[in-house]
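Inside the fold
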Amino acid sequence: MTQLRFLPLLLLAASLVGGCLLAAAGQNASETSAVSNSGISIDRLDPALDQVIAPDAKIERVATGFTFTEGPLWHRGRLWFSDVRGDKLRAFDPKDGKVELLLDNSGGVKNKTPGVDQGSDGMAPDKDGTVLVCLQGGRKVVRLDDQMHETVVLDSYEGKKLNSPNDIVFAPDGSFWFTDPPFGLKGQNHSPDKELPFNAVFRYADGKLTPAITDLTMPNGIGFSPDGKTLYVSNSGPQMYVEAYDVGADGKVSNGRVLIAYPHPQGGGVPDGLKVDMAGDLWTTGPGGIRIVTPQGKVLGQIKLPEVAANLAFTGDGHTLYITASTSIYRLHTKVQGELPLYAKNSQ
């Protein structure tokens, strides 16, 4: 990135840090009031957050006891989620609070590497009601049907193995996009098993796989604005930020710019999963919690949890948000309607 691109980045970071300091000091009760319980809080950094999350909203922990939860997806009336470190795919049923094991060895690796996250990760429903799943360890995108039968969709680009597909989303035009960092490889970029020269954001359309973005160091979470004209991708390191891109009718991206950055991270976690609400606001995980950010880069508020939040998903009618955070699953009801996956109606 050029210095000119870092100027708005630094100004935004200063604004964010300043807002957090004001919240901590409690200098403006109307903007910094928090709903807290056992390390859980919603910090209101701008009054506009009241139109997004009600002032009396509560965050509840609905399930716990996992190793590192990720990739939440509402499917057939339950929350599917990946236990990436535990190498399992599970489902939480809100009706009785029970959690069912859907798949063991969900990452598709027989001989797992200790200390490397090789389970399944991000998921997205397809138009036929099946689910596309990113397998970090298996280095592929697969399709799961209702009987949990697996079919490989993608596992290579121009004859070279994918790194470790991480997160996935369908664009309004029916194409799907996924991030491909090296997190599932021992040594990551230095792994002798890494075959691709880049960590790409891929687009798959009309039977063709295209590396749409190749200059991010560690692409992770991914999402589109409601109109599909803006693509958001989080970069987990070494520089931590969320990049926004304009998307053309042909799927080509342009005008990459930093929406929010963390030059001096405060708290655990990295820019990871993200989602967008129907007002166009971005809900992005990052160091210290989840920020709710306008399309112009203004931070409205921050959700803080007692553990690292990795990803999130709007479910049901769009007013229920589930958060996957390390060992637990959290739930929050929102005033704003969240953007549901393109083919969500086919998986309800």
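Shown above is the structure to which this text applies.
Thresholds applied
- Residues numbered from 1 in each chain as written.
- Predicted model: local features only at pLDDT ≥ 70, side-chain atom pairs only at ≥ 80, totals over all residues.
- Heavy atoms only, no water.
- Buried < 20%, exposed > 50% of the residue type's maximum accessible area, 1.4 Å probe, protein only.
- Helix = DSSP H or I, 4+ residues; strand = E, 2+ residues; numbered from the N terminus.
- Pairing = 2+ DSSP bridges.
- Axes fitted to C-alpha atoms, helices over the stretch in contact; angles between N-to-C directions.
- Core = buried A, V, L, I, M, F, W, Y, C linked by side-chain atoms within 4.5 Å.
- Contact = heavy atoms within 4.5 Å.
- Phe/Tyr/Trp six-rings, centres within 6.5 Å; stacked < 30°, edge-to-face > 60°.

Burial within strand E7 (residues 120-125) is extensive, with 6 of its 6 residues counted as buried. Note that E7 and strand E8 (residues 131-135) share 4 bridges and pair antiparallel. Bridging across to E8, Pro125 finds its partner in Val131. Linking E7 back to E8 in an antiparallel pair, the connection comprises 5 residues, with Gly129 at a positive phi of about 90°.

Moving on to the sheet that holds strand E23 (residues 289-293). Pairing between the strands of a sheet is mediated by backbone hydrogen bonds and can be parallel or antiparallel. Taken in spatial order, the 5 strands make up an open sheet running E1-E24-E23-E22-E21, and their pairing is antiparallel. Each of the sheet's edge strands pairs with one partner strand only, and the pair in question is strand E1 (41-44) and strand E21 (274-276). Ignoring strand direction, the axes of neighbouring strands in this sheet form an average angle of 20°. Two elements, E23 and strand E24 (residues 299-304), share 4 bridges in a ladder whose sense is antiparallel. Within the sheet, the bridge partner assigned to Arg291 lies in E24 and is Gln302.

So, about the nonpolar core. One finds Ile53, Trp283, Ile303, Leu305, Ile323 and Leu332 to be the most contacted residues of the largest nonpolar core, which totals 22 residues. Setting aside residues no more than four positions away along its own chain, Leu332 makes contact with Ile42, Ile53, Ala57, Lys58, Ile59, Trp283, Ile303, His319, Thr320 and Leu321. With 17 residues, the next largest nonpolar core counts Cys134, Val141, Ile168 and Phe176 among its residues.

All right, on to the packing of aromatic side chains then. For the structure on display, the rule yields 13 aromatic pairs. Here Trp177 and Phe224 contribute two aromatic rings whose centre-to-centre distance is 5.4 Å and whose plane-to-plane angle is 75°, an arrangement assigned as edge-to-face. Taken together, the residues Trp177 in strand E14 (residues 176-179) and Phe224 in strand E17 (residues 219-224) connect sequence positions 47 residues apart. With respect to burial, Trp177 and Phe224 carry one shared label: buried.

Looking now at the sheet that holds strand E6 (residues 99-104). Sheet architecture is open: 4 strands sit in the order E3-E4-E5-E6, paired in antiparallel fashion. Each having just a single partner strand, strand E3 (69-75) and E6 make up the two edges of the open sheet. Strand-to-strand twist in this sheet, taken as the mean axis angle between neighbours without regard to direction, amounts to 25°. Pairing between strand E5 (residues 88-92) and E6: 5 bridges, direction antiparallel. Note that in E6 the partner of Ala91 across the bridge is Glu100.

Bringing unusual backbone geometry into the picture now. Pro238 follows Gly237 through a cis peptide bond whose omega is -5°. Examined against the element boundaries, Pro238 turns out to sit in the loop between strand E18 (230-235) and strand E19 (241-247). At Glu158, a position not held by glycine, the phi torsion is positive, near 50°. Structurally, the position occupied by Glu158 is in the loop between strand E11 (156-157) and strand E12 (160-161).

For Pro263, the location among the structural elements is in the loop between strand E20 (253-261) and E21. Judged by its relative accessible area of 37%, Pro263 falls in the partly exposed class. Distance in space between the C-alpha atoms of Pro263 and Gln239 is 7.0 Å, their sequence separation being 24 residues.

Moving on: the environment of Ser236. Relative to the elements of secondary structure, Ser236 occurs in the loop between E18 and E19. Exposure remark for Ser236: the relative accessible area of 9% places this residue in the buried category. For the pair formed by Ser236 and Gly269, sequence separation is 33 residues and the distance between their alpha carbons is 9.0 Å.

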